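Descriptive structure summary
Here are the chains, one letter per residue:
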Amino acid sequence: MIADDVTLDDSGETMVCPGGPLLLRGVSSYTDEAGIAHRVERPVVAVCRCGYSGSLPWCDSTHKRLPPDRRPS
Amino acid sequence: MSTTDSRPTLPSPRGSLSERILQALRTDPGGLVTDAAAVALAEPEDAALTLWVLQELSYRGFQDVPETAEWEPPVLAVRRHLQVDLEARLRSRWPGHQVPESDFAEALLQFIQDDDGPSVASYVHTHATEEQVLELLRWRSIYHLKEADPSTWTLPRLTRGPKAALAELQYDEYGAGRPDRLHAHLFAEAMAALGLSTRPGAYLDECPLEVLEMNNAMSLFGLDGRLRGASMGHLAAFEVTSSVPSGHLVRGLRRLGLAEEIVEYYAEHVIADSVHDQLATRLICAVLAEDEPEQAEDIFFGAFTCLDQEARCARTLLGRWGVAA
Ligand code: FES
Ligand SMILES: [Fe+2]
Ligand SMILES: [Fe+2]
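Residues numbered from 1 in each chain as written. Chains lettered and ligands numbered in written order. Predicted model: local features only at pLDDT ≥ 70, side-chain atom pairs only at ≥ 80, totals over all residues. Heavy atoms only, no water.

What follows is about the overall build of chain B. Helix and strand counts for chain B stand at 15 helices and zero strands. For 325 residues, the compact-globule estimate of 2.2 N^0.38 gives 20 Å, and the C-alpha radius of gyration of chain B, at 19 Å, lies within 12% of that figure. If one aligns the C-alpha atoms of chain B with their principal axes, the spans along those axes are about 50 × 50 × 45 Å. A buried classification covers 57% of the 325 residues belonging to chain B. Of the contacts made within chain B by residues no fewer than 6 positions apart, 82% connect residues no fewer than 24 positions apart. A total of about 13,300 Å² of accessible surface is found on chain B, and carbon and sulfur atoms cover 52% of it. (Helix = DSSP H or I, 4+ residues; strand = E, 2+ residues; numbered from the N terminus. Rg over C-alpha atoms; globule rule 2.2 N^0.38 Å. Buried < 20%, exposed > 50% of the residue type's maximum accessible area, 1.4 Å probe, protein only. Contact = heavy atoms within 4.5 Å. Areas by Shrake-Rupley, 256 points an atom, 1.4 Å probe, with all protein chains shown as cover.)

Structure, rendered in structure tokens:
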């Protein structure tokens, strides 16, 4: 599952949203599982956990259209 | 009146009530003679336009109205009558909802996602013409040119947790410190790129009752601290139902080859509102319901009102376009 292994570049905070993304607060970049660093420009970002986002690594709400059993727990 | 004043001038009246009040606002707001009967008898569109103008005095106001008008007692009295009427009408449409005993955020999310109102965005995705999309954007400009402002009124009325979360959400809406990233500004730039006016309220005269009422409801919920639950429930429903439709709009706008600025505006909302909906449901509404249980049902009332107003606007617009909704 994407974003299980979050690498934060500074003292960010995280919050898992059941069925949806992982929220990261106060980070200036996010490194995905392929080791690619993505710049963060918002106070809080949502990292996709379902894997189906069209804008990976970010959540684009595609999870809302998945049947409940395919959403991340 | 300075030539660099970016504020609008008063819109056209829509009946005898707005005629009289707009005239008084221009000339002598403090001298307005309040007539409760005339307010009660006004046609819905006349009343809605009048309330829109009066609530607008608490935002940036109008070039042709003295700034003292906002707090003149007779002006406030008329505003109050119209607000009471509007709230009663909104509550009469509300079927009620059981306040969940546990997992408030999930229950609220479910309530919002179960809504099956007509989707203008899906129609834009596959069928709408450029002319139809421009009409949609002109109607939406009444809100988007002051995007996020109505919910900001609620900020000082909240307890600690919801306040911090709303401030965080609004910080993003307001560009996270960068004036050129303000969502209202991104929308204005897109309007300009499409050859449309960026003056707030420029297209008010062509907006029907449903658009006026939708904007009036948001301002009412924000301005009246008693309605803080409804204000935050409205915000949650707005954010939860934004990302997926914004994606449809992105594809529809690309299909029509419209300016990249408007595509960008909606693309930004696909991503931003995938964050905002989580903040609004989990960190604002659920915590507000816990801190102030007497606001819990109003959170659902506000969410319902947002969805209901959106459906009314969608039916009106799709009806004008000859599409069954
Ligand atoms: S978690 Fe939202 S799109 Fe994947
Ligand atoms: Fe926004
Ligand atoms: Fe938003």
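Hydrogen bonds between backbone groups are what pair the strands of a sheet, and the pairing can be parallel or antiparallel. Residue and element names in this part refer to chain A. Strand order in the open sheet formed by three strands is β2-β3-β6, with antiparallel pairing between adjacent strands. Across the chains shown, the open sheet's two edge strands, defined by having one partner strand only, are β2 (13-16) and β6 (44-47). Within the sheet, the average angular offset between the axes of one strand and its neighbour, ignoring direction, is 25 degrees. (Pairing = 2+ DSSP bridges. Axes fitted to C-alpha atoms, helices over the stretch in contact; angles between N-to-C directions.)

All right, on to the coordination of the iron ion (ligand 3) then. Residue and element names in this part refer to chain B. The iron ion (ligand 3) binds to the protein through E173 (OE), E239 (OE), E239 (OE), D273 (OD) and H276 (ND1); the donor distances cover 2.1 to 2.6 Å. The metal-metal distance between the iron ion (ligand 3) and the iron ion (ligand 2) is 3.8 Å, with E173 serving as a donor to both. A residue pair is termed long-range when its members are at least 10 positions apart, and E239 in helix α12 (residues 228-240) and D273 in helix α14 (residues 260-291) qualify at 34 residues. For E239, a relative accessible area of 2% puts it in the buried group. (Donors = N, O, S within 2.8 Å, 3.2 Å for Na, K, Ca; no water.)

Ranked by size, the top nonpolar core spans 108 residues in total, and within it L25, F104, L108, I112, I262 and Y266 of chain B carry the most contacts. The residues touching L25 of chain B, leaving out its near neighbours within four places in the chain, are L10, V53, L54, L57, D64, V65, P66, A69 and V75 of chain B. (Core = buried A, V, L, I, M, F, W, Y, C linked by side-chain atoms within 4.5 Å.)

Opposite charge on two side chains lets them pair, provided their charged atoms get close. What the rule picks out here adds up to 26 salt bridges over all chains. Taking the shortest distance from any N to any O, the salt bridge between R178 of chain B and E41 of chain A comes out at 3.7 Å. Of the two residues, R178 of chain B sits in the loop between α9 (160-173) and α10 (183-193) while E41 of chain A sits in the loop between β5 (37-39) and β6, which places them in two different chains. In this structure E41 of chain A comes out as partly exposed when scored by relative accessible area, which is 43%. A salt bridge links E213 of chain B to R89 of chain B; its shortest N-O distance comes to 3.1 Å. Highlighted residues: E213 of chain B in helix α11 (residues 209-223) and R89 of chain B in helix α4 (residues 73-92), separated in sequence by 124 residues. Overall, E213 of chain B belongs to the buried group, its relative accessible area being 7%. (Salt bridge = Lys/Arg side-chain N within 4 Å of Asp/Glu carboxyl O.)

It is worth spelling out the coordination of the iron ion (ligand 2) at this point. Summarising the metal site, the iron ion (ligand 2) is bound by the protein donors E147 of chain B (OE), E173 of chain B (OE), H183 of chain B (ND1) and H269 of chain B (NE2), whose distances to it range over 2.0 to 2.3 Å. Counting gaps between the donor residues of the iron ion (ligand 2) yields the pattern E-x25-E-x9-H-x85-H.

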